[in-house]
Every structure is written in structure tokens, then in C-alpha cells.
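Overview (structure and organization)
This is what each chain is made of:
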Amino acid sequence: MKTDHELLRTRASLLERLRNWQDDASWQEFFNVYWRLLYGVARKAGLGDAEAQDVVQETLISVAKHLPAFRYDPSIGSFKAWLLNLTRWRIISQFRKRPPLEVHRAPGDSTIRTDTVELVPDPNTLDMDATWEAEWQVNLLQAAMENVKRRLDPQRAQV
């Protein structure tokens, strides 16, 4: 089993490999590791399926654009925190793309209803850091389980 130090080194080595846009295997590994995390946080922020998929795609594009100049320095901050900020900005961008909501009522209709806008979670009330950390833990566990499954024969993995 890898230690925390080895896992950090592996992630740093993956980031190094991602500088090469042609390294399809490394980009696929990065996608496999992080897409669920990005998607899950976007959904919990109140985005729909298509919007959350857009957050994943736009965040990965942003990572690709920034990695050639990105220098991993744990003393400045973690990659995880940087990725959280990129994701947060993409989520906010998705909310800004939404058209303004209008309340349509027939003339003379005084029925009290809950406006659609009140049914949508307010992204300002979401504790993004806590949501990110919870999704990070779920994603980490899932990745570990998949790693174990790959190392076992299919019968034992099923058990």
C-alpha cells in the first residue's frame, strides 16, 4: 500500500506528464481520477446534469491550458486547492449563463405559489470547501476500490 508521500509524488509525477498534451494515457488517467469529483461538486452546488458535465469539461480545458506554466509547489498551495478554485469559477460561470427567471401568472391570479427560483439551491449558501472535501473523500475511496479491483482476479473482486 502506498504512503501519503508516495501518493503525493505520484500526483506530482502525473502533473508533470500532463504538460505533454499528446500523452493520452496520462490525460485519461487524470480524467478517470477527477471527473467524478468535479461532477459531484457541481451537482451538489445545484447545477443540472448537462451544466455539471460542462463544468467538468471546462475545468479540464482550463487545467490543460494552465499546466504548461503550472509549477507544483506545496509550500504555496496544493493542487487540490487550485483545482477547487478552478471548479468553483466554472460553477459560478454556469449559474451566470442561466437566463433570468420570470414569474408568469395569469391576470387576476392571486394564488400564492413558491417561485421556481426559490426551489433552486443558492450557491452562496453552499459550503464549497466542505462539499469539495466530502466529494474528495468519496472519490478517493472509489479510486482505491477500483485500483484494488484491477489487481485482483475478477472472481475475488466480485466477493
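The following refers to the structure shown. (Residues numbered from 1 in each chain as written. Predicted model: local features only at pLDDT ≥ 70, side-chain atom pairs only at ≥ 80, totals over all residues. Heavy atoms only, no water.)

**Focus: the packing of helix H2 (residues 24–44) against helix H3 (residues 49–66)**
The condition that has to hold: Helix axes are fitted only over the stretch in contact, all axes being lines through C-alpha atoms; the angle between N-to-C directions runs from 0 to 180 degrees. Put simply, DSSP H or I for four residues or longer makes a helix, DSSP E for two residues or longer makes a strand, and each gets a number counted from the N terminus. Angle categories: roughly parallel below 35 degrees, roughly antiparallel above 145, roughly perpendicular from 65 to 115, and oblique for all the rest. Definitions for this section: a left-handed crossing has its near helix turned counterclockwise from the far helix by less than a right angle. A right-handed crossing has that turn clockwise. The contact criterion used is simple: two residues touch if any of their non-hydrogen atoms lie within 4.5 Å.
Closest axis-to-axis distance for the H2/H3 pair is 9 Å, and the angle between their directions is 135 degrees. Taken together, the axes of H2 and H3 are oblique relative to one another. Taken as a pair, H2 and H3 cross one another with a handedness that is right-handed. Where H2 approaches H3, its residues Trp27, Phe30, Phe31, Trp35, Leu38, Tyr39, Ala42 and Arg43 are matched on the opposing element by Asp49, Ala52, Gln53, Val55, Val56, Thr59, Leu60, Val63 and Ala64.

**Let's talk about helix H4 (residues 79–97)**
Two residues of an α-helix separated by three or four positions point the same way, owing to the 3.6 residues in each turn. Just so we agree on the cut-off: Residue count minus one, scaled by 1.5 Å, sets the expected span of a helix. Only protein chains enter the accessibility calculation, which uses a 1.4 Å probe; a residue whose area is less than 20% of its type maximum is buried, one above 50% is exposed, and one in between is partly exposed.
Under the 1.5 Å per step criterion, the end-to-end length of H4 is 27 Å for 19 residues, consistent within 8% with the ideal 27 Å. Where H4 is concerned, the buried positions are Phe79, Leu83, Leu84, Leu86, Thr87, Arg90, Ile91, Gln94 and Phe95.

**Quick look at the side chain of Thr87**
Along the chain, Thr87 falls in helix H4. Taking relative accessible area as the criterion, Thr87 reaches 0% and is therefore assigned buried. Ignoring anything within four residues of it in the chain, the contact list for Thr87 reads Leu38, Val55, Thr59 and Trp132.

**Points about the nonpolar core**
Heads up, the condition is: Definition of nonpolar core: a set of buried residues of the types Ala, Val, Leu, Ile, Met, Phe, Trp, Tyr and Cys, connected through side-chain atoms within 4.5 Å.
Grouped together as the largest cluster of nonpolar side chains are 29 residues, with contacts concentrated most on Phe30, Ile91 and Trp132. Within the residue set of this core, elements represented by two or more residues are helix H1 (4–18), H2, H3, H4 and helix H6 (128–151). Per element, the largest residue contribution to this core is 7 residues, and it comes from H2. Aside from chain neighbours lying at most four places away, what touches Phe30 is Leu14, Leu18, Leu60, Val63 and Phe79.

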